[in-house]
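Survey of secondary and tertiary structure
Below are the chains, spelled out letter by letter.
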Amino acid sequence: MKDAGRGGHARTDAKAQPFVRAVAYSLRGVVYAFHTEKNLKRDVWLFTCLAAVEWCLRPSIAQAALTVFVSMCVFAAELFNTAIELAVDVASTWKDHPVAGMAKDVASGAVTFVAFGALAIAAWLLVSDWPWHLWLWSLRNLGSVVLVTIWLMAVWAVRLWPYHPDIEIKRPRKGGAAE
């Protein structure tokens, strides 16, 4: 069986694939989404702003771990949404269909729920650290700064990783012409 998403190479059973190859395929998909999806690009900048706030306020390591986890959930929800939209577009042969549109709206709604949850947690963390003190140049909660910095570097590494498409995906615009 051929898999066009893997550059036309024959694909074997997923369990037979070496771990490194499986991770490489996963990262290829993530890099694709980070380069093509506007919402993921926006989320990278929002997380960068959050990291700057955490560098200044120096939350506890538990609070920093929670914000890293929640940001991973937002990124994962966006990735699921991208995958669902691509699959629905292909299944509907790139034509407007009410069920296809609803499926994409539902996937987008799931991302919205996760994003609102992330905002609620961010608000809770800001309120729980009141009154705020700027600890930018101190060693207070250095572990949280390291954790957030490593996660921020990983996110930006994926965002800036060069993307060389094996296949070209042209989504039609509403007027019918391809992007």
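Our structure's up above, just so we're on the same page.
Residues numbered from 1 in each chain as written. Predicted model: local features only at pLDDT ≥ 70, side-chain atom pairs only at ≥ 80, totals over all residues. Heavy atoms only, no water.

**Some remarks on the nonpolar core**
Phe34, Val44, Phe75, Trp151 and Val155 are the most contacted members of the largest nonpolar core, which has 18 residues in total. Every element with two or more residues in this core is listed here: helix 1 (19–36), helix 2 (38–57), helix 3 (61–91) and helix 5 (142–160). For this core, the element with the most residues is helix 5, which contributes six residues. For Phe34, the contacting residues outside a window of four places in its chain are Leu40, Lys41, Val44, Phe75, Val155, Val158 and Arg159. (Core = buried A, V, L, I, M, F, W, Y, C linked by side-chain atoms within 4.5 Å. Buried < 20%, exposed > 50% of the residue type's maximum accessible area, 1.4 Å probe, protein only. Helix = DSSP H or I, 4+ residues; strand = E, 2+ residues; numbered from the N terminus. Contact = heavy atoms within 4.5 Å.)

**Describing helix 2**
Helix length check: helix 2, at 20 residues, gives a terminal C-alpha distance of 29 Å against a target of 28 Å (1.5 Å per residue), a fit within 8%. By the burial criterion, the buried members of helix 2 are Leu40, Asp43, Val44, Phe47, Thr48, Ala51, Glu54 and Leu57. (Expected span 1.5 Å × (residues − 1).)

**Section: helix 1**
The terminal C-alpha atoms of helix 1, which comprises 18 residues, lie 26 Å apart, in line with the 26 Å expected from a rise of 1.5 Å per residue. Among the residues making up helix 1, those that are buried are Val31, Tyr32, Ala33 and Phe34. Here the buried face of helix 1 lies against helix 2, helix 3 and helix 5.

**Digging into the packing of helix 1 against helix 3**
In contact at an axis separation of 10 Å, helix 1 and helix 3 are set at 90° when each is read in the N-to-C sense. The orientation of helix 1 with respect to helix 3, classified from their angle, is roughly perpendicular. Between helix 1, through Val30, Tyr32, Ala33 and Phe34, and helix 3, the contact on the second element is made entirely by Phe75, Leu79, Thr82 and Leu86. Considering only residue class, the contact of helix 1 with helix 3 consists of seven nonpolar, one polar and no charged. (Axes fitted to C-alpha atoms, helices over the stretch in contact; angles between N-to-C directions. Parallel < 35°, antiparallel > 145°, perpendicular 65-115°, else oblique. Nonpolar A, V, L, I, M, F, W, Y, C, P; charged D, E, K, R; others polar.)

**Notes on unusual backbone geometry**
Among all residues except glycine, the phi angle is most often negative; among peptide bonds, the trans geometry is most common. Each neighbour pair has its own omega, and for Trp130 with Pro131 the value is -5°, a cis peptide bond. Position of Pro131 among the secondary structure elements: in the loop between helix 4 (98–128) and helix 5. Backbone geometry at Arg58 places phi at a positive 50°, although glycine is not the residue there. Tracing the backbone through its elements, the reader meets Arg58 in the loop between helix 2 and helix 3. Exposure remark for Arg58: the relative accessible area of 5% places this residue in the buried category.

**What about the pattern of salt bridges?**
Here the structure, examined in full by the defined rule, presents three salt bridges. Of the charged contacts in the structure, one is a salt bridge between Arg42 and Asp43, with a shortest N-O distance of 3.0 Å. A relative accessible area of 41% places Arg42 in the partly exposed class. Using a relative accessible area of 7% as the deciding quantity, one classes Asp43 as buried. In this structure, Glu78 engages Arg42 in a salt bridge whose closest nitrogen and oxygen atoms are separated by 3.7 Å. Linking Glu78 in helix 3 with Arg42 in helix 2, this pair joins segments that are 36 residues apart in sequence. The exposure class assigned to Glu78 is buried, which follows from its relative accessible area of 5%. Taken together, the salt bridges that share partners define one network made up of Arg42, Asp43 and Glu78. (Salt bridge = Lys/Arg side-chain N within 4 Å of Asp/Glu carboxyl O.)

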